[in-house]
Amino acid sequence: MPELQRLRADHAPAVLAFESANRAYFAASIPDRGDAYFDQFTDRYHALLAEQEAGICAFHVLVAEDGSVLGRFNLVDIEHGTAELGYRVAQHVAGRGVATATVRKLCRLAAARHELHTIRAATARENAASQRVLTKAGFVPVGPADPADLGGKPGTWYQRDI
Ligand SMILES: CC(C)(COP(=O)(O)OP(=O)(O)OC[C@H]1O[C@@H](n2cnc3c(N)ncnc32)[C@H](O)[C@@H]1OP(=O)(O)O)[C@@H](O)C(=O)NCCC(=O)NCCS
């Protein structure tokens, strides 16, 4: 049974394998991370762990029984009971409800562990799968998102009060 785990230093090789294997798949719907992300992976990974340690972000990985990463689910900019949600799921498990179930679970965790009352997520209008995930997980559209935050694409902010 896959397990949602808080990001740790020892997840690094599996996270890199996940990002590398799914790079082209993700880039079809969201901005590519760029070569620098992969070249400087270790430094950037440690910077993420430092942000998490400071309480600004809470990063999670969905880990399969064999230790591989099936998805990443992140709460960033945690402040005054609100946070922004981001997620990505491996292509080989797409369309099986993994993102929906895990976003729902993360919302419950966010209330219990981080005392969040509102979670927001921005998605491009053309990213139908992501909009579907948010809707199924109880989010509602609340207004337009800045295209600059979505690789130049028009989009929508979704919100869920928890
Ligand atoms: C978006 C993403 C997380 C979805 O993960 P997933 O585990 O496949 O999602 P789920 O299986 O829980 O739900 C996907 C839903 O989208 C629907 N969907 C998928 N592609 C679709 C499309 N092109 N048009 C319309 N609906 C689509 C599926 O049918 C499903 O809805 P249903 O349960 O009503 O049938 C995954 O595709 C991904 O990582 N994409 C790249 C990164 C990304 O876009 N992240 C979100 C940024 S805001």
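Residue numbers restart at each chain and count upward from 1, following the sequence in its written direction. The predicted origin of the model limits local features to residues at a pLDDT of at least 70 and limits the giving and counting of side-chain atom pairs to 80 or more, whereas totals for whole chains, interfaces and linings rest on all residues. The side-chain values count all of the structure's non-hydrogen atoms but skip hydrogen atoms and water molecules.

### Quick look at the overall build of the protein
Next, step 1: To qualify as a helix, a DSSP run of H or I must reach at least 4 residues; to qualify as a strand, a run of E must reach at least 2; elements of each kind are numbered from the N terminus. Of regular secondary structure, the protein possesses six helices and seven strands.
Next, step 2: Two things to know: the radius of gyration comes from C-alpha atoms, and the globule rule equals 2.2 Å times the number of residues to the power 0.38. In terms of overall size, the protein behaves like a compact globule, its C-alpha atoms giving a radius of gyration of 15 Å where 162 residues would be expected to give roughly 15 Å.
Next, step 3: Judged by the C-alpha coordinates and their principal axes, the protein covers about 35 × 35 × 30 Å.
Next, step 4: About 8,600 Å² of surface is accessible on the protein, with carbon and sulfur atoms providing 51% of the total.
Next, step 5: Here the protein carries 18 positive and 19 negative side-chain charges, and the mean point of each set is 8 Å from the other. What sets the accessible areas is the Shrake-Rupley method with a 1.4 Å probe; for residues, cover comes only from the shown protein chains. In summary, the charge assignment counts Lys and Arg as positive and Asp and Glu as negative, without counting His or the chain termini. Charged side chains are reduced to one point each, which is NZ for Lys, CZ for Arg, CG for Asp and CD for Glu.

### Let's talk about the sheet that holds strand E1 (residues 3-6)
Next, step 1: At least two DSSP bridges between two strands are required for those strands to pair. In space, the seven strands of this open sheet follow the order E1-E2-E3-E4-E5-E7-E6, with mixed pairing throughout. Two strands close off the open sheet at either side, each with one partner strand: E1 and strand E6 (140-145). Taken over all neighbouring pairs, the strand axes of this sheet differ in orientation by 25° on average, direction set aside.
Next, step 2: Direction of pairing for E1 relative to strand E2 (residues 58-63): antiparallel, over a ladder of four bridges. Looking at E2, one finds that Gln5 is bridged to Val61. Here an axis means a line fitted to C-alpha atoms, over the contact stretch when the element is a helix, while the angle between two N-to-C directions is reported on a 0 to 180 degree scale.

### Side note on the nonpolar core
Next, step 1: Formed by 44 residues in total, the largest nonpolar core has its most connected members in Phe73, Leu75, Leu85, Val103, Ile119 and Phe139.
Next, step 2: A total of seven residues in this core trace back to one element, the largest contributor, which is helix H5 (residues 98-114).
Next, step 3: Once you skip the residues sitting within four places of it in the chain, Leu85 turns out to touch Asn74, Leu75, Val103, Leu106, Ile119, Arg120, Ala121, Leu134 and Phe139. What is meant by a nonpolar core is a set of buried Ala, Val, Leu, Ile, Met, Phe, Trp, Tyr and Cys residues, joined one to another through side-chain atoms within 4.5 Å. Think of it in three bands: with a 1.4 Å probe and only protein chains considered, a residue is buried below 20% of the maximum accessible area for its type, exposed above 50%, and partly exposed in between. Should any heavy atoms of two residues lie within 4.5 Å, those residues are counted as being in contact.

### Comments concerning the site of the ligand
Next, step 1: The criterion for a residue being near a molecule or strand is simple. One of its heavy atoms has to lie within 4 Å of it. The ligand sits among 23 residues. The nearest are Gly97, Thr100, Asn127, Arg132 and Lys136.
Next, step 2: Whenever a nitrogen or oxygen atom comes within 3.5 Å of another N or O atom, the pair is scored as a polar contact, on the condition that within protein one atom can donate a hydrogen and the other can accept it, and that pairs from neighbouring residues in sequence are kept only if both atoms are in side chains. One of the side-chain nitrogen or oxygen atoms of Tyr25 is found 3.2 Å away from an oxygen atom of the ligand.
Next, step 3: Secondary structure elements with two or more residues in the shell around the ligand: helix H2 (23-27), strand E4 (82-89), H5, strand E5 (118-124) and helix H6 (128-136).
Next, step 4: The biggest single contributor to the shell around the ligand is H6, with six residues.
Next, step 5: Of the residues in the shell around the ligand, the class split is twelve nonpolar, seven polar and four charged. Asp, Glu, Lys and Arg are counted as charged, while Ala, Val, Leu, Ile, Met, Phe, Trp, Tyr, Cys and Pro are counted as nonpolar; the rest, among them Gly, fall into the polar class.

### Details of the pairing of strand E3 (residues 69-79)
Next, step 1: Among the eleven residues in E3, eight count as buried, and that is most of the element.
Next, step 2: Where E2 lies against E3, six bridges are found, and the strand directions are antiparallel. Bridge assignment links Val63 to a residue of E3, and that residue is Val69.
Next, step 3: Adjacent in sequence and paired antiparallel, E2 and E3 are bridged by five residues, among which Gly67 carries a positive phi angle near 90°.

### Here's the deal with the packing of aromatic side chains
Next, step 1: Note on aromatic contacts: the rings of Phe and Tyr and the six-membered ring of Trp form a pair at centre separations within 6.5 Å, being stacked when their planes are under 30 degrees apart, edge-to-face when over 60 apart, and tilted otherwise. Under the definition given, this model contains six aromatic pairs.
Next, step 2: Feature note: the residues Tyr37, Phe38, Phe41 and Tyr45 constitute an aromatic cluster, connected by ring pairs.
Next, step 3: Lysine NZ or arginine CZ positioned within 6 Å of the ring centre and within 35 degrees of the ring normal marks a charge as sitting over the ring. In this structure, Arg33 packs its charged tip against the face of Tyr37, placed 4.7 Å from the ring centre.
Next, step 4: When the ring centre of Trp157 is taken as origin, the NZ or CZ atom of Arg120, which lies over that ring, is 4.2 Å away.

### Brief notes about the environment of Lys105
Next, step 1: As for its placement among the helices and strands, Lys105 is situated in helix H5.
Next, step 2: Given the relative accessible area of 40%, Lys105 is considered partly exposed.
Next, step 3: As a C-alpha pair, Lys105 and His117 span twelve residues in sequence and 15 Å in three-dimensional space.

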